[in-house]
Amino acid sequence: MVCNLAEGTPPSRSPPSILLHGLRTTHQLLTASPPVDVVVAKDGSGDHDTISAAVAAAPPGGSRYIIHIKEGLYQEKVEVLQRSNVMLIGDGAARTEII
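Residues numbered from 1 in each chain as written. Predicted model: local features only at pLDDT ≥ 70, side-chain atom pairs only at ≥ 80, totals over all residues. Heavy atoms only, no water.

A. A look at the pairing of strand β2 (residues 65-69). β2 sits mainly inside the fold: five of its five residues count as buried. Alternating positions in β2 separate into two faces, Tyr65, Ile67 and Ile69 on one and Ile66 and His68 on the other, with burial throughout. Tracing the backbone out of strand β1 (residues 38-40), into helix α2 (residues 51-56) and back to the parallel element β2 gives a crossover that is right-handed. Relative to strand β4 (residues 86-90), β2 is paired through five bridges, and the arrangement is parallel. Looking at the pairing, Tyr65 lines up with Val86 of β4. (Buried < 20%, exposed > 50% of the residue type's maximum accessible area, 1.4 Å probe, protein only. Helix = DSSP H or I, 4+ residues; strand = E, 2+ residues; numbered from the N terminus. Right-handed = clockwise from strand over helix to strand, strands pointing away. Pairing = 2+ DSSP bridges.)

Next comes the structure, spelled out in structure tokens:
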């Protein structure tokens, strides 16, 4: 709470505006659908069948490379060590699993 003692005003019950801005920005990031570069799907409907193949297709360096991983169980070891700026986005923790 914020209290302006000099003016004798009661404490404000609203969060500071900088916090609200941060929450809005985080919410936008979590709910927005960023444009993806490739899609991984077990059923063959995507650009790749495996996450490893999608990561291998990422260009070295450069701008962010976004990989959308559709719902499914992916049993593979994924290494992103030789690539930078790779972002993996699934359909949710309960729907997209990498083991």
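B. The nonpolar core, seen in detail. Of all hydrophobic cores here, the largest spans ten residues; its members are Val38, Val40, Ile51, Ala54, Val55, Ala58, Tyr65, Ile67, Ile69 and Tyr74. Elements with a contribution of two residues or more to this core: β1, α2 and β2. For Tyr65, the residues in contact, after removing those within four places along its chain, are Asp37, Val38, Ala54, Ala57, Ala58, Pro59, Asn85, Val86 and Met87. (Core = buried A, V, L, I, M, F, W, Y, C linked by side-chain atoms within 4.5 Å. Contact = heavy atoms within 4.5 Å.)

C. Representation of the confidence of the model for the chain in the model. Residues of the chain with pLDDT of at least 70 account for 68%, and the chain-wide mean is 80. Ranking the elements of the chain by mean pLDDT puts helix α1 (residues 17-31) last, at 56, and β1 first, at 96. (pLDDT = per-residue confidence, 0-100.)

D. Representation of the pattern of salt bridges in the model. Under the defined criterion, the tally for this structure stands at two salt bridges. Between Glu71 and Arg95 there is a salt bridge, with its nearest N and O atoms 3.3 Å apart. Of the two residues, Glu71 sits in the loop between β2 and β3 (72-74) while Arg95 sits in the loop between β4 and β5 (96-98), which places them 24 residues apart along the sequence. The class of Arg95 is partly exposed, set by a relative accessible area of 44%. (Salt bridge = Lys/Arg side-chain N within 4 Å of Asp/Glu carboxyl O.)

E. Quick look at the environment of Arg64. Positionally, Arg64 belongs in the loop between α2 and β2. Using a relative accessible area of 51% as the deciding quantity, one classes Arg64 as exposed. With 20 residues separating them in the primary sequence, Arg64 and Ser84 have C-alpha atoms 7.9 Å apart. Not counting chain neighbours up to four residues away, the residues in contact with Arg64 comprise Asp37, Asn85 and Met87.

F. View of the sheet that holds β1. Across the sheet, three strands lie side by side as β1-β2-β4; this open sheet has parallel pairing. With one partner strand each, in any of the chains shown, β1 and β4 form the two edges of the open sheet. Pairwise comparison of adjacent strand axes, ignoring direction, gives a mean angle of 25° for this sheet. (Axes fitted to C-alpha atoms, helices over the stretch in contact; angles between N-to-C directions.)

G. Molecular detail of unusual backbone geometry. The backbone of Asn85 sits at a positive phi, close to 60°, despite the residue not being glycine. Relative to the helices and strands, Asn85 resides in the loop between β3 and β4.

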